[in-house]
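Here is how the chains run, residue by residue.
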Amino acid sequence: MVRERPVLLHDHAAENLRFIRDAMERAAAFTAVPGWGGVTVGLTALVVAAIAGTRYDSFRWLAAWLIEAALAVAIAVVAMTRKAGRSGAPLLAAPTRRFALAYLPPLAAGAVLTALFAANGLGPRLPAMWLLLYGTALTSGGAFSVRIVPIMGAAFMALGIVAVALPPEYGEWLMAAGFGGLHIGFGLVIARHYGG
Amino acid sequence: MADRAAAKVRVERPKAKGEAQKSGQAAVRLDRLIHERLRLGIVSALAVNDRLTFNDLKRLLQTTDGNLSVHARKLEDASYIACEKSFDGRLPRTEYRLTAGGRRALEKYLAHMEAIIKAVKPS
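Just so we're clear, the structure is a prediction, and the values are computed from it rather than from any experiment.

### Remarks on the overall build of chain A
Helix and strand counts for chain A stand at 7 helices and 0 strands. Looking at chain A as a whole, 38% of its 196 residues are labelled buried. Considering only contacts in chain A between residues 6 or more positions apart, those separated by 24 or more positions represent 73%.

### Here we look at the confidence of the model for chain A
Averaged over every residue, the pLDDT of chain A is 89; residues scoring 70 or more account for 92%. Ranking the helices and strands of chain A by mean pLDDT puts helix 5 (residues 126–141) of chain A first, with 97, and helix 1 (residues 4–28) of chain A last, with 81.

### Overview of the environment of D57 of chain A
Residues and elements named next belong to chain A. Counting through the fold element by element, D57 comes out in the loop between helix 2 (35–51) and helix 3 (59–86). Taking the C-beta count within 10 Å as the criterion, D57 has 15 such neighbours and is therefore assigned partly exposed. Spatially, the C-alpha atoms of D57 and A119 are 9.6 Å apart, while their sequence positions differ by 62 residues.

### Concerning the pairing of strand 3 (residues 91–98) of chain B
Residue and element names in this part refer to chain B. In this structure, strand 1 (residues 52–53) lies alongside strand 3, joined through 2 bridges in antiparallel fashion. When the sheet's bridge partners are listed, L52 is paired in strand 3 with Y96. As paired elements, strand 2 (residues 81–88) and strand 3 share 8 bridges and run antiparallel to each other. Bridge pairing links K85 to T94 in strand 3.

### Description of the packing of helix 6 (residues 148–165) of chain A against helix 7 (residues 171–193) of chain A
Residues and elements named next belong to chain A. In contact at an axis separation of 11 Å, helix 6 and helix 7 are set at 165° when each is read in the N-to-C sense. Between helix 6 and helix 7, the angle is such that the two are roughly antiparallel. The crossing of helix 6 and helix 7 is right-handed. Judged by residue contacts, I148, M152, A155, F156, L159, V162 and A163 of helix 6 engage L174, A177, G178, L182, F186, V189 and I190 from helix 7.

Reading the values: the criteria
- Residues numbered from 1 in each chain as written.
- Chains lettered and ligands numbered in written order.
- Predicted model: local features only at pLDDT ≥ 70, side-chain atom pairs only at ≥ 80, totals over all residues.
- Helix = DSSP H or I, 4+ residues; strand = E, 2+ residues; numbered from the N terminus.
- Buried ≥ 20, exposed ≤ 12 C-beta atoms within 10 Å, placed from the backbone.
- Contact = placed C-beta atoms within 7 Å.
- pLDDT = per-residue confidence, 0-100.
- Pairing = 2+ DSSP bridges.
- Axes fitted to C-alpha atoms, helices over the stretch in contact; angles between N-to-C directions.
- Parallel < 35°, antiparallel > 145°, perpendicular 65-115°, else oblique.
- Left-handed = near helix turned anticlockwise from the far one by under 90°.

Structure, rendered in structure tokens:
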């Protein structure tokens, strides 16, 4: 009897620690990731890819994608708010703040670099930079969210690396595959497995 | 070995009444207030958030209104958590946060668990 107790206690203690860690992780994660919102963003990106043309250093091309970016932000905000509302709880303040603090800096860097690239005739290289930094934002923000978010980030980064390796002519297809295809694909998975 | 484990995990008697009475059966008596699953979940969730509403906790711990309020009440009685009621428009809103005492209780509980694991680890 005395022999048995430590083993039981040990298992029980380890199990308790696991339970605490799980509860903390769940409580700290940002869960209002919009699945259907992602699908919608992906569809608008496909439309933009189709109409933006392939003159990557033209004003028209840049303007089309900047408008798409603004539209995507609006769709994401609406979708997150609705998802949080539907789950019966407000966006938890602390997890949302942690997510935002990790997610936004790479996007801010991307905005600054966009101006630099555009001003120096590097428009054709924007797709690679955008895919890489958007992937970085998702990967780092994803550390505070459900597992699928950093995976999606890694997929964007991988596509960004492909974009760096390929000649600039493929930019249009990479934009469609990334901001269109990956958003739709991961959006469907999130909608299915993470509640909408 | 068993003695060492037991020695490290001595009684941590909470100040609240009731729950602490079931003594004597186990060699290891932990802080019973925190040991119970749902209450441990409440305290853990609050440890990583400044404050959480009743609905946040209900969703996180996947439990019912009745269950959650009973257990939250016990923690509140022990001053492990503090509760604030307010109105969000017309809807009543209950917010919880971990008190300093609650955080200490969780830290002690964690230390106990670690001590148990260490004590029986083959050397």
